[in-house]
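# Chains, contacts and geometry: an overview
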Amino acid sequence: MINNILQQYLNRFVIAYLNDIIIYSNILKKHVNYVFKVLEYLNKRNLYFKLKKCEFYRKEIDFFKFVVKRHEVRMNFEKLQAIKE
């Protein structure tokens, strides 16, 4: 559902998987604009989020088995170790 709703933004500045939405940019001013666009778009469709589950303006995130940050994507070995055990 989220992918359908955010279709116009996907792979431009949004990645969505199930109920996870990642908004990305390398310029802070653009990033702020993107965040507002996505939140406004979701709000118009009566979709809301729990603020305590949100993280804004992160320089590094864990996404699946990866750690993603500017110019770098690497495996999250802690998660891989937990899967092995």
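Here we summarise the structure given alongside this text. Quantities reported herein were computed from a predicted structural model and do not represent experimental measurements.

## A few points about the layout of surface pockets
- Estimated volume of the largest pocket: approximately 1,600 Å³.
- Surrounding the largest pocket, 40 residues form its lining, Ile 21, Ile 22, Ile 23, Glu 55 and Ile 61 being those nearest its centre.
- Mapped by element, the contributors of at least two residues to the lining of the largest pocket are strand E2 (20-23), helix H2 (28-44), strand E3 (60-63), strand E4 (66-69) and strand E5 (72-75).
- The element that contributes the greatest number of residues to the lining of the largest pocket is H2, accounting for six residues.
- The residue makeup of the lining of the largest pocket, split by class, is 24 nonpolar, five polar and eleven charged.

## Points about the pairing of E5
- In terms of strand pairing, E4 meets E5 through four bridges, oriented antiparallel. Note on E5: the bridge partner recorded for Phe 66 is Met 75.
- Where E4 folds back on E5, the antiparallel hairpin that results is connected by two residues, among which His 71 adopts a positive phi of roughly 65°.

How each quantity is defined
- Residues numbered from 1 in each chain as written.
- Predicted model: local features only at pLDDT ≥ 70, side-chain atom pairs only at ≥ 80, totals over all residues.
- Heavy atoms only, no water.
- 1 Å grid on protein atoms, 1.4 Å probe; cavity = no way out; pocket = protein on both sides within 12 Å on 5 of 7 lines; lining within 4 Å.
- Points joined across faces, edges and corners; volume = space filled by probe spheres on them.
- Helix = DSSP H or I, 4+ residues; strand = E, 2+ residues; numbered from the N terminus.
- Nonpolar A, V, L, I, M, F, W, Y, C, P; charged D, E, K, R; others polar.
- Pairing = 2+ DSSP bridges.

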